[in-house]
Every structure is written in structure tokens, then in C-alpha cells.
Amino acid sequence: MTTASQTTESATGGERERSAGPAFSTPESFEVVASSAPEMLADVTSVVCVPTFRRPDMLEATLRSLARQQGDHDFAVIVVENEGTERAGATRASSLLASGLFKGFVIVEPRQGNCKAYNAAWRCALTRFPALEQVLGIDDDEEAEPGWLGALVTAARTAPAELFGGPVTAVFTDTSRGWLSAHPVFRSHYDTSGPIPMLYSSANYLIRRSVLERLGFPFLDERFDFTGGGDTDFFTRAKAAGFRFWWVQEAAQRETMPQRRSEFAWINARGLRNGAISAAIERRQNPGTAGRLRVLAKSLALLAAAVPRGLALGIRSRSALIGLYHGQVAIGRLMSEFGVANEQYRKPEKN
């Protein structure tokens, strides 16, 4: 076992480990602060990536849920700390790794940003696990149900797809706000196992190694670091490259929703952000003046349709707050046309 005090990789040793994976044209931006012995990781095919930022207690709950996974599936974990000063998550994870709760790596990506953290974790997986077949993911405010890993790995062995997702159930700390689980910002996009058009969130995923190697590094566009949407952009590019998607309803996770996420201000900001992200991705797919005009026309059409769609959603959900969502998305799209970006991830601890 390598601990944080023992983890300065020599240039020779680092290159020897990296030779197992694809070549990268830029130096690594992350630091390895703790790791299991290489012989413990040599045959691991599944690696679970866990980004974290200033939530050591919740991170520990996440890691303990991984330790409770059922079945005999061999896997490792990469915890990527995205707070480079206090490093509370890295300290907690290093202690749990040393205790034997999990095996793998604890790394620090000091450059703050959601996409930077994912890029560091996936690059670490590709370069430190020679037998790697797939990366999986869970956030540090989520816990995996005991059958989560087994359901995803089994699907990856049998289903004709390269990218897989599963449901994340919102668990509100204010139990009186549980009805908000019907809101589109908290609901999963699908509820039935099988082929799907695309994934939209990296909250619960399995991605085959071939996808990462084909799309190349940086895997997630770091321009989405603080607005969110880097995962949706990644999945959009994967779809354009011909990769297939599959939903695994049995691969379930729970996500803790603190009080602030049940308040109007946060929900409104998330709706606006979702609209801005969708427009930004469409503009990338439709470059040039004609393409931008098409995206603007779609945004205006969605704004016009927001009233009847919102009324229908509000009546169906019996909630005026939920009914506002389509309008918030349309307004967010239009705001993005004028360069207004909602950087909800600029302060992750408040997200």
C-alpha cells in the first residue's frame, strides 16, 4: 500500500505505468497521493471514478456503499479530489484506502473544474490499469445500491452498446419536499432497461474503454467546467461517433438533496442552466451564422411552446413550480445567445 507520504512517482516509474495505456501529448495535471500496490490492480477490468469537493463525510458514505456491492465482481476505485488546498476528501479517502475499505488510487486535480476532475480520473484509469475494460462513475453525494455494480457490469457483458446509465433517486433532507422528485431536474430521463437514444448525465454511468480512446483527451471539454454540461457534450459526441447507449434500471443510486436544492432559487437556476447547456451544445453542432440562426429559431419556438407545455406539466404534476420548468429552459437558451452563462459549479460546495 502506498500512502500520501510515500507517493512521489519517479519519472521512470511514472512512464513505466503510463506505457500500459494510450499516449498523451500533455503532462499529467494530477498528483497521486495514495494507491494500492500495483500487483493488486494488474487484472482489474472495472474502475469506479469518484470526483469529490469539500464533502468528506458524504464521500465516505459513497465509498462505503461501494464496499457493500454484492457479487464477486473485482473492481477498483479512483477518488479524484478537486480541492487542492485543504484536501479533506483526499485525506479521508487515503485513510479508508489504507484501512482496506477499497483498492485503487486517490489523486488530486488541483485545477478546480468538474470536467477537469473527470478528465483526471479517466486518464488515471487508462494509464494505471492495463486490463481496463470500462470506467464507471458515482458522485460524492450519492450512494450505490448493493446491486449497482453487478447490474452495470452484467449489462456491459451482454448488451449491444458501449455506454450505459442507470437511475438516480433524489432523497431530500427536508422530507416535506419529497414531492419535488417529480421535477424534471431531479428525475432520471428513462425508467425501462434497454436501448436508449443517449445519456445526458454522468451521475451514474459505465463507459467502455474504446469510447474514451476513440474520442480522445481531454475527454470532457473543460469550457463546461463551471456551467455543467460537459457530460452531455461528451455523450453527444459519442453518439455522433456511432456509439450506442443502454439503460439499466436495476443499476440504482440515491442522491442526497440538501435544503438549498429544494428552494426556488436553486431549482430556477438549474432550469436556466439546462436551457443554456442545450443551446450551447447545439451551436457547436451547427456552426456559422446559418446554424446559429437555426438554434435561435428553436429557442424562440420553445419559448412560444413553454406556456401550453408548462400548463400541461403543472396540471399533471399538480405543481406550479414544476410547471415553470419548460419556460425556464427556454429563457436559459435565449440568455445564452447573449453570452449569459449560469456558472452553478463555480462554487461546488453551494451547488
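For the structure itself, consult the block above.
Quantities reported herein were computed from a predicted structural model and do not represent experimental measurements.

### Overview of helix H12 (residues 325–337)
Between its first and last C-alpha atoms H12 spans 19 Å; for 13 residues at 1.5 Å apiece the expected length is 18 Å, and the two agree. Judged by how many residues are buried, H12 sits mostly within the fold: 11 of 13 residues are covered. Taken together, the buried positions of H12 are Tyr-325, His-326, Gly-327, Gln-328, Val-329, Ala-330, Gly-332, Arg-333, Leu-334, Ser-336 and Glu-337. Residues of H12 that are buried in the fold lie against helix H9 (264–285), helix H10 (288–317) and helix H11 (320–323). Downstream of H12 by a residue or two, Gly-339 has a phi angle that is positive, lying close to 80 degrees.

### What about the sheet that holds strand S10 (residues 204–208)?
In spatial order, the strands read S1-S4-S3-S2-S5-S10-S7-S11-S9; together these nine strands make up an open sheet with mixed pairing. The open sheet has two edge strands, strand S1 (31–35) and strand S9 (194–196), and neither has a second partner. With strand direction ignored, the average angle separating the axes of adjacent strands in the sheet is 25 degrees. Relative to strand S11 (residues 245–247), S9 runs antiparallel, the two sharing three bridges. Bridging across to S11, Gly-194 finds its partner in Trp-247. Sheet strands touched by helix H3 (residues 56–67): strand S2 (46–52), strand S3 (75–81) and strand S5 (134–138). Its angle to S2, the strand with the most contacts, is close to 165 degrees.

### Describing the pairing of S1
Sheet faces and side chains relate simply in a regular strand, where the side chains alternate between the two faces. Among the five residues of S1, four are classified as buried, and the element is accordingly described as predominantly covered. Alignment of S1 against strand S4 (residues 104–108), held across four bridges, turns out to be antiparallel. Looking at S4, one finds that Val-32 is bridged to Ile-107.

### Section: H3
Structurally, the α-helix is built with 3.6 residues per turn, so residues lying three or four positions apart point the same way. Between its first and last C-alpha atoms H3 spans 16 Å; for 12 residues at 1.5 Å apiece the expected length is 16 Å, and the two agree. Those residues of H3 hidden inside the fold are in contact with S2, S3, helix H4 (88–99), S5, strand S6 (142–144) and helix H6 (148–158).

### Some points on the nonpolar core
Ranked by internal contacts, the top residues of the largest apolar core, which has 43 residues, are Trp-122, Leu-163, Ile-207 and Phe-234. Look past the residues within four positions of Trp-122 in its chain and what remains in contact with it is Cys-49, Val-135, Tyr-205, Ile-207, Leu-212, Phe-219, Leu-220 and Phe-234. Membership of the second largest hydrophobic core comes to 33 residues, among which are Val-48, Val-79, Phe-102 and Trp-148.

### With respect to the side chain of Asp-141
One can find Asp-141 in the loop between S5 and S6. Residue class for Asp-141 comes out buried when judged on its relative accessible area of 5%. Discounting chain neighbours no more than four positions away, the residues touching Asp-141 are Arg-55, Met-58, Thr-62, Arg-254, Glu-255, Thr-256 and Arg-261.

### Considerations on the pairing of S4
Most of S4 is tucked away: five of the five residues are buried. Bridge count for S3 against S4 is five bridges, and the pairing is parallel. Bridging across to S4, Ile-78 finds its partner in Phe-105. A crossover connection joins S3 to the parallel S4 through H4; in handedness this β-α-β unit is right-handed.

### What to know about the sheet that holds strand S8 (residues 168–172)
Taken in spatial order, the three strands make up an open sheet running S6-S12-S8, and their pairing is mixed. Two strands bound the open sheet, and with one partner strand each, they are S6 and S8. Averaged over all pairs of adjacent strands, the angle between their axes in this sheet comes to 25 degrees, without regard to strand direction. Those strands touched by H3 are S6 and strand S12 (253–257), and its axis lies near 10 degrees from that of S6.

### A short note on the environment of Asp-57
Its location among the elements puts Asp-57 in helix H3. A relative accessible area of 55% means that Asp-57 is categorised as exposed. For Asp-57 and Arg-92, which are 35 residues apart along the polypeptide, the C-alpha to C-alpha distance reads 8.3 Å.

About the thresholds
Residues numbered from 1 in each chain as written. Predicted model: local features only at pLDDT ≥ 70, side-chain atom pairs only at ≥ 80, totals over all residues. Heavy atoms only, no water. Helix = DSSP H or I, 4+ residues; strand = E, 2+ residues; numbered from the N terminus. Expected span 1.5 Å × (residues − 1). Buried < 20%, exposed > 50% of the residue type's maximum accessible area, 1.4 Å probe, protein only. Contact = heavy atoms within 4.5 Å. Pairing = 2+ DSSP bridges. Axes fitted to C-alpha atoms, helices over the stretch in contact; angles between N-to-C directions. Core = buried A, V, L, I, M, F, W, Y, C linked by side-chain atoms within 4.5 Å. Right-handed = clockwise from strand over helix to strand, strands pointing away.

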